[in-house]
Amino acid sequence: MLPLLLGTALAAPPVADHPCELPSPDDPVQVYLVTVTPGWDAISSLGHTLVLVAGGGHDPALTYNWGAYDTSSDTVVQDFVRGELPYFLATWVWPAQREALLEQGRAALAQKLDLDDPEGFVGALEEAAKPENNRYVYDWRTANCATKARDFLDDQLDGTLASQWSVPADTTAREQIRRHLGRATAQDLGWSFVASSEVNEPLSEWEAALFPDQLMASVADTTVNGEPLVSETCLLLPGRFGWAPERPPPTWPWLVPGGLFGWLAVSGAQGLRGENQRSGRWLLGGSLLAYGAFLAFLGTTTLALALGTSMRAAGPTPAWLLASPHSLVFVAAAVPVLRGRPIPRWLALGGVLSAALAVVGLLVAPPGIGLALAPGTLACAWAMWRAQ
């Protein structure tokens, strides 16, 4: 089997070139840190972290999963958006967990932990999994499946991880999330627009361990009393989905929506002065309506997240200069155009204001966002001025 590699900016990647052989129930207990590759949907895009306990009378092996929540709740989405979704530490037999991962096509690597007191570690896990102890409120940066496993492991190792992982990681949360979301351009653009300047701050290795693959890489380099914490890395489960790329994807695909609608708007404005004015009217009006609605939705949604929820890093953002409720000026301008009337001067001036804000946004917005949205705004504003 070919080695399964993890690319990381923090440490040399762990290599798994052989399948895991879990201990039998009669063997001494063994603890594994399990890292699962990202899935295809947004919820699983960052990967996952589990703790697996095998041997020591466990028949079958047992997983401890800090990523569980009540899927039957009618308010899951609302609670998540508000930053109030309760999660809990769940236990699940490994065969059932394995089948679930196989259905999702996700691979899993296991790091065998060389612990001085594995029985005590498992006892602490059992205590943490009790109903009176197992619940917490999810926070993508400080309380997720990876950080909870990190914090638990650090506590059992008397602060070893925190002391060794205080060094800079040469990365940011924006870079890390973008490299995970990069396979879905729409999600990548949407999240990059929403995220505040908080995600641009450099992370320490401890903070970067909020991402499961980064946690795995850091654990692989950790020593306890001069000995490696990980004695073996093995392939627990093969899968269709691999690890996220080492670097974020380029942002040039983001240019397509703004560039397309801007080109259509300019073409429509030119058509209004030509022979086929009907086509020009529908082209310009449709472009202003669609692009204005897109910008207004993008900006208004993120404003609502920032002002109406406690979701971490959901604004404020300078990207609001490029898209917010002020973008409705394009929607308003589409109405007279589609009705065959000239755009009023006050609406055209509103387009000029949006263009001015877009120029400022081009300079201060997060990387790629300005180039994605500003050209379309400038083109639409120019077309509106021509259509007075």
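The structure we're discussing is the one just above.
Residues numbered from 1 in each chain as written. Predicted model: local features only at pLDDT ≥ 70, side-chain atom pairs only at ≥ 80, totals over all residues. Heavy atoms only, no water.

1. Comments concerning the environment of W385
Its place among the elements puts W385 in helix 14 (residues 369-386). The class for W385 is partly exposed, based on a relative accessible area of 38%. Along the chain, W385 and P344 lie 41 residues apart, while their C-alpha atoms are 9.4 Å from each other. Other than its neighbours up to four places away in sequence, W385 contacts R345, A348, L349 and V352. (Helix = DSSP H or I, 4+ residues; strand = E, 2+ residues; numbered from the N terminus. Buried < 20%, exposed > 50% of the residue type's maximum accessible area, 1.4 Å probe, protein only. Contact = heavy atoms within 4.5 Å.)

2. Some words on the environment of P344
Position of P344 relative to the elements: it lies in the loop between helix 12 (328-338) and helix 13 (345-364). Note on P344: relative accessible area 29%, which makes it partly exposed.

3. Regarding the pattern of salt bridges
Any two side chains of opposite charge can pair, given that their charged atoms come close. Under the definition given, this model contains six salt bridges. When the shortest N-O distance is used, the salt bridge between R141 and E198 registers 3.3 Å. With R141 in the loop between strand 8 (135-137) and helix 4 (145-156) and E198 in the loop between helix 7 (185-194) and strand 10 (202-204), this residue pair connects regions lying 57 residues apart in the sequence. Its relative accessible area of 11% is what places R141 among the buried residues. We note a salt bridge from R150 to D151, for which the minimum N-O separation is 2.9 Å. (Salt bridge = Lys/Arg side-chain N within 4 Å of Asp/Glu carboxyl O.)

4. A closer look at unusual backbone geometry
The step from D59 to P60 runs through a cis peptide bond, and the omega angle for that step is 0°. Mapped onto the elements of the fold, P60 is located in strand 5 (residues 58-69). One non-glycine residue, D170, lies in positive phi territory at about 55°. Given the relative accessible area of 64%, D170 is considered exposed. Backbone geometry places N225, a non-glycine residue, at a positive phi of 55°. Tracing the chain through its elements places N225 in the loop between strand 11 (223-224) and strand 12 (227-228).

5. Examining a nonpolar patch on the surface
There is a patch of nonpolar side chains on the surface, built from W252, L255, V360, L362, L363, V364 and L371 and spanning about 710 Å² of accessible area. Considering every element that reaches the nonpolar patch, the biggest residue donor is helix 13, with four residues. As for its placement among the helices and strands, W252 is situated in the loop between strand 13 (230-237) and helix 10 (255-271). In this structure W252 comes out as exposed when scored by relative accessible area, which is 58%. (Patch = residues over 30% accessible without salt bridge, like charges linked within 9 Å, V, L, I, M, F, W, Y side chains within 5 Å. Areas by Shrake-Rupley, 256 points an atom, 1.4 Å probe, with all protein chains shown as cover.)

6. Examining the packing of aromatic side chains
For the structure on display, the rule yields eight aromatic pairs. Between Y87 and Y136, the aromatic rings sit 5.9 Å apart at their centres with planes inclined by 45°, giving tilted as the arrangement. Here Y87, found in strand 6 (residues 86-93), pairs with Y136, found in strand 8; they are 49 residues apart in sequence, far enough to count as distant. Classification of Y136 as buried rests on a relative accessible area of 10%. Taken together, a centroid distance of 6.2 Å and an interplanar angle of 50° make the contact between W165 and W206 tilted. Taken as a pair, W165 in the loop between helix 5 (160-164) and strand 9 (168-172) and W206 in helix 8 (residues 205-208) lie far apart in primary sequence, 41 residues in all. (Phe/Tyr/Trp six-rings, centres within 6.5 Å; stacked < 30°, edge-to-face > 60°.)

7. Here's the deal with the sheet that holds strand 5
The seven strands lie next to each other as 8-6-5-4-3-7-13, forming an open sheet whose pairing is antiparallel. The open sheet has two edge strands, strand 8 and strand 13, and neither has a second partner. When strand polarity is set aside, the average angle formed by the axes of neighbouring strands in this sheet is 25°. Both strand 7 (residues 108-113) and strand 13 contribute to a ladder of six bridges, which runs antiparallel. By the bridge assignment, A108 is partnered in strand 13 with L237. Against the sheet, helix 4 makes contact with strand 3 (30-36), strand 4 (48-55), strand 5, strand 7 and strand 8, and its axis sits at roughly 120° relative to strand 5, the strand it touches most. (Pairing = 2+ DSSP bridges. Axes fitted to C-alpha atoms, helices over the stretch in contact; angles between N-to-C directions.)

8. Quick look at the state of the cysteines
Evaluated as defined, the whole model comprises one disulfide. Between the sulfur of C20 and that of C234 lies a disulfide, 1.9 Å long from S to S. An S-S torsion of about 95° defines the bridge between C20 and C234 as right-handed. Of this pair, C20 sits in the loop between strand 2 (15-16) and strand 3 while C234 sits in strand 13, and the two are 214 residues apart along the sequence. Each member of the pair, C20 as well as C234, carries the same accessibility label: buried. Looking at the unpaired C145, the closest cysteine sulfur is the one in C20, lying at 18 Å. (Disulfide = S-S within 2.5 Å.)

9. Some remarks on helix 13
The terminal C-alpha atoms of helix 13 lie 29 Å apart, and with 20 residues this matches the ideal 28 Å at 1.5 Å per residue to within 8%. By the burial criterion, the buried members of helix 13 are L347, A348, G350, G351, S354, A355, A358 and G361. End-on, the buried residues of helix 13 take up no more than an arc of 150°, which puts them together on one face. Structural note: helix 13 exposes R345, W346, L353 and L363 on the side pointing more than 90 degrees away from its buried face. (Expected span 1.5 Å × (residues − 1). Arc of directions from axis to C-beta.)

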